[in-house]
Amino acid sequence: MALIRLGFGRQHLYLLRRRSFLLSKLIAVVFAVLLFCEFLIYYLVIFRCDWPEVKTPAHNSGQETLKAMFLADTHLLGEIRGHWLDKLRREWQMERAFQTALWLLQPEVVFILGDIFDEGKWSSPQAWADDVERFQKIFRHPRHVLLKVVAGNHDIGFHYQMSTYKIKRFEKVFNPERLFSWKGINFVMVNSVALEGDGCNLCSEAEAEIIEISHKLNCSREEHHSSRCTDEQPLPASAPVLLQHFPLYRRSDANCSGDDAAPLEERDIPFKERYDALSREASQKLLWWLRPRLVLSGHTHSACEVLHGAGTMEISVPSFSWRNRNNPSFIMVMWTFIFI
């Protein structure tokens, strides 16, 4: 009898050890899967990205490069429409993607082209403060990396929701600087929500700012400065890069292509002026006043390349949020300033 009981004891101990081993193995597999899917995968994917090559003349005596990364439509969820689990998941994805890109790609400046928040247009002061705190955690960056932001309709509201209070609240957190120059490149950051063209006070102020910037840029292009330019601080004599949330006027995304473009069934849907894109009139004014070398915009959540006027290229930056598309992405641009 004692031998039988001893045999049962050994068999029971063996089963316990086997179950413990299987459980440990299962935990290790789950941990490895989570580690790969929620951490390592970002490095493997973004490691394949590389800065574009810029061909320079062989006779130049020196050159300086500027590496810029462009994001758009992060749409951080607020307290009204954002379920806590959805919020946790999307923000973790954006945080890991952004921090991995910073570490691997080492950009010098990052631009976010509007709709930073999803509920900024109606959030209370406390909700706004909470959203800003989360943004600063997700998009934290080293001091040597600049972060520049333009306002979108979800940050300050569409034209008829926009107010001085919402604009000032946004500008208190994000530098309201409209003209920014670095390494020979001029960047103009426009509040495109205010380009309604109906003569409202905020719209008139926005247009006046753009005209003033146009004057400064024109002075920088003149070889012999006129008397009206004597008091201006000199800018690099180069055409600017225009940054805004709304894209310039186009009929639709019908001519857009590529992996980051809108789905085929959506590309032929006509754009509404002042809602999906700027009006034709506002777009022509911007191109005439600023004469940009390049335009970058967001809002559509999809990528597109469009030629305007005399060949000005506009790039629509796709959304950086998994909530808006299954393949969020960003744009990498590198400029070279050559010293002859």
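Residues numbered from 1 in each chain as written. Predicted model: local features only at pLDDT ≥ 70, side-chain atom pairs only at ≥ 80, totals over all residues. Heavy atoms only, no water.

A.B. asks: Can you tell me about the state of the cysteines, naming the residues and giving the values?
C.D. replies: Going through the model one piece at a time under the given rule, you end up with two disulfides. A sulfur-sulfur separation of 2.4 Å characterises the disulfide bridge that pairs Cys200 with Cys203. Disulfide Cys200 to Cys203: torsion about the S-S bond roughly 80°, handedness right-handed. Disulfide pairing is shown between Cys256 and Cys304; the S-S distance is 1.9 Å. On the sign convention where negative is left-handed, the bridge of Cys256 and Cys304, at about -75° about the S-S bond, is left-handed. You can see Cys256 sitting in the loop between strand S6 (241-243) and helix H7 (280-290) and its partner Cys304 sitting in strand S8 (residues 304-308), a full 48 residues away along the chain. Across this residue pair, the class does not change: Cys256 and Cys304 are buried. (Disulfide = S-S within 2.5 Å. Helix = DSSP H or I, 4+ residues; strand = E, 2+ residues; numbered from the N terminus. Buried < 20%, exposed > 50% of the residue type's maximum accessible area, 1.4 Å probe, protein only.)

A.B. asks: Describe unusual backbone geometry, naming the residues involved and giving the relevant values.
C.D. replies: Even without being glycine, His75 reaches a positive phi, approximately 50°. Looking at where His75 falls in the secondary structure, it is placed in the loop between strand S1 (62-71) and helix H2 (84-105). Backbone geometry places Arg274, a non-glycine residue, at a positive phi of 70°.

A.B. asks: Please provide a residue-by-residue account of the pattern of salt bridges, values included.
C.D. replies: Counted according to the given criterion, the structure contains 15 salt bridges. A salt bridge links Glu95 to Lys137; the shortest N-O distance between them is 3.0 Å. Remark: Lys137 occurs in helix H3 (residues 125-138) and Glu95 occurs in helix H2; sequence separation between them is 42 residues. In this structure Glu95 comes out as buried when scored by relative accessible area, which is 7%. The partner of Glu281 in a salt bridge is Lys285, and the shortest N-O contact between them spans 3.7 Å. One end of the pair is Glu281 and the other is Lys285, both in helix H7 and four residues apart, which spans about a single turn. Lys285 gets classed as partly exposed once you look at its relative accessible area, which sits at 27%. Taken together, the shared-partner salt bridges in this structure form one network comprising Asp86, Arg90 and Arg323. (Salt bridge = Lys/Arg side-chain N within 4 Å of Asp/Glu carboxyl O.)

A.B. asks: Pulling in residues and values, what's your account of the UniProt feature "transmembrane region" (unreviewed entry) in the protein chain?
C.D. replies: Per the UniProt record, the feature "transmembrane region" (unreviewed entry) sits at residues 21-45. Taken as a whole, residues 21-45 contains 100% helix and 0% strand, while its terminal C-alpha atoms sit 34 Å from one another. (UniProt positions renumbered as here; feature names shortened; annotations may be inferred.)

A.B. asks: Summarise the pairing of strand S2 (residues 109-113); cite the residues concerned and give the values.
C.D. replies: In terms of burial, S2 is a largely internal element, five of the five residues being buried. Of the two faces of S2, the one carrying Val109, Phe111 and Leu113 and the one carrying Val110 and Ile112 are both buried. Pairing of S2 with strand S3 (residues 146-150) involves five bridges; the strand directions are parallel. Following the sheet pairing, Val110 is matched in S3 by Leu147. After leaving S2, the chain enters H3 and then returns to the sheet as S3, a path that is right-handed. (Pairing = 2+ DSSP bridges. Right-handed = clockwise from strand over helix to strand, strands pointing away.)

A.B. asks: Describe the sheet that holds S6, naming the residues involved and giving the relevant values.
C.D. replies: The strands that make up a sheet are held in pairs by hydrogen bonds between backbone atoms, and each pair lies either parallel or antiparallel. In space, the six strands of this open sheet follow the order S4-S5-S6-S7-S9-S8, with mixed pairing throughout. Each edge of the open sheet carries a strand with a single partner, namely strand S4 (179-182) and S8. Between one strand and the next, the sheet's axes are offset by a mean angle of 20°, whatever the strand orientation. Sheet topology note: the S8/strand S9 (residues 312-316) ladder contains five bridges and is antiparallel. The residue bridging Cys304 from the neighbouring strand is Ser316, located in S9. (Axes fitted to C-alpha atoms, helices over the stretch in contact; angles between N-to-C directions.)

A.B. asks: Let's hear about empty space enclosed by the protein: which residues, and what values?
C.D. replies: All told, the structure shown has four cavities of 30 Å³ or more when counted by the stated rule. Considering only enclosed or pocket space, the largest cavity measures out at about 140 Å³ in volume. Mapped onto the lining of the largest cavity, the elements with two or more residues apiece are S3 and helix H5 (164-173). Approximately 90 Å³ is the volume attributed to the second largest cavity. (1 Å grid on protein atoms, 1.4 Å probe; cavity = no way out; pocket = protein on both sides within 12 Å on 5 of 7 lines; lining within 4 Å. Points joined across faces, edges and corners; volume = space filled by probe spheres on them.)

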